[in-house]
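Letter by letter, the chains look like this.
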Amino acid sequence: MKDVIIIGAGPCGLSTAIECQRQGLSSLIIEKNFIVHSIYLYPTNMQFFSTAELLEIGDVPFTSPNDKPYRHEALVYYRRAAEQHGVEIAAYEEALSIETLEDGTFVVHTSNMRGEQHSHKAGHVVIATGYFDQPNMIGIPGEELPKVTHYFGEAHPYTGMKVTVIGGSNSAVDAALELMRVGASVDMVYRGDSISDNIKSWVRPIFEGMVQKGKIRLHLQSRVTEIKPDSVLITSHNGETNVIDNDFVLALTGFKPSRALLSSAGAAMNDDLDKPVYDPVTMESTVPGIYVAGVIASGRNANEVFIETGRGHGKLIVDHILSKSR
């Protein structure tokens, strides 16, 4: 039996496990994929918005030759931080449900990659699952076609292709620029009257320059209303519809955290924001002994919790666990 079981081996889950170790609590991380899987799913050439220092966990220095580190640097860093602290991780094991026992302890029921069922007992459970498993679906005809993806890795496979990017955030802007550089024909469709205000300051002028030169066709106040095998229908705010030739669609419309585990444990949700009810001082949910850490604590807008803020949740949780035992 562990003092704490942590579900999710992202930066916030790792930070919580390291804090447990520091303060003398035994812990196990259960991860259905592999360490920092969410960062692995970022675009291959993605550069963080935060500085390396703000991504650090466990007092392990994150050194980078760049002002803002890149995805590949973060993968190396978090592997090293976990190894340095000896974090115990059950990888490729999915948490299916959380059972509360009569004595107030918990059993986390899991299944591994071979389909074998396991049960892990703990005095406390921390849910630190990310949000990349559930893309925000648009709900339009043709979204299920194989030419449509909600994930962007790198631009090379789209060389010379006609690509429509749906979205107006950093991920959409970065994808549009990478696609343009490999010779793709790029249409970017966004419902707002301008791209997001949060676009990286060093990227915005480059993007706007490419739009002005006509190398990226930006359709503002518009929506993709249907996707066909060889085209997409774009409808503007005034009801005008245009058909453009198309080979691939990148629907970069964001993601949302899964609430299934919290619900299975009986934790209450805030109906307005589809957000777990928890104490922001302790991160404890409405089920005593079950905590949330990282982006799972956010509402529909997953961007309200970042690594740089979520990495501190572990200390709040461990401090509260120890205060109860004292």
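As shown above, the structure is provided for reference.
These lines cover the structure that appears in this document, whether it is placed above or below. As the structure is a prediction and not an experimental result, all values here were calculated from the model. (Residues numbered from 1 in each chain as written. Predicted model: local features only at pLDDT ≥ 70, side-chain atom pairs only at ≥ 80, totals over all residues. Heavy atoms only, no water.)

Attention shifts here to the side chain of H150. By the element assignment, H150 lies in the loop between β7 (148–149) and β8 (162–166). The class for H150 is buried, based on a relative accessible area of 10%. For H150, the side chain forms a polar contact with the side chain of E143, separated by 3.2 Å. A distance of 3.1 Å separates the side chain of H150 from the backbone oxygen of A251, its partner in a polar contact. Those residues in contact with H150 that sit more than four places away from it in its chain are P135, N136, M137, E143, A251, L252, T253 and F255. (Helix = DSSP H or I, 4+ residues; strand = E, 2+ residues; numbered from the N terminus. Buried < 20%, exposed > 50% of the residue type's maximum accessible area, 1.4 Å probe, protein only. Polar contact = N/O pair within 3.5 Å; in protein donor to acceptor, adjacent residues only side chain to side chain. Contact = heavy atoms within 4.5 Å.)

By the definition in use, this model includes nine aromatic pairs. Each ring, one from Y77 and one from Y78, has its centre 5.0 Å from the other, and the planes form 70°; the classification is edge-to-face. A relative accessible area of 0% means that Y78 is categorised as buried. The aromatic ring of F49 is capped on one face by K68, whose charged end is 5.7 Å from the ring centroid. (Phe/Tyr/Trp six-rings, centres within 6.5 Å; stacked < 30°, edge-to-face > 60°. Lys NZ or Arg CZ within 6 Å of the ring centre and 35° of its normal.)

The next point concerns unusual backbone geometry. Positive phi, normally seen in glycine, also occurs at V36, with a value near 40°. With respect to the helices and strands, V36 occurs in the loop between β2 (27–30) and α2 (37–40). Here Q221, not a glycine, exhibits a phi torsion of approximately 50°, which is positive. Note that Q221 resides in the loop between β10 (216–219) and β11 (222–228). The exposure class assigned to Q221 is partly exposed, which follows from its relative accessible area of 34%.

Counting residues in hydrophobic clusters, the biggest one holds 61 residues, and the most contacted among them are I7, I39, Y78, I98, I127 and I290. When residues in this core are grouped by element, the largest group, six residues, is from helix α3 (residues 71–85). In this structure I290 touches I98, F106, V125, I127, L262, A265, M283, E284 and S285, once residues within four positions along its chain are discounted. Among the nonpolar cores identified, the runner-up in size contains 23 residues, and A155, A176, M180 and L252 belong to it. (Core = buried A, V, L, I, M, F, W, Y, C linked by side-chain atoms within 4.5 Å.)

It is worth stressing that arrangement in space is one thing and function is another; only the former is reported here.
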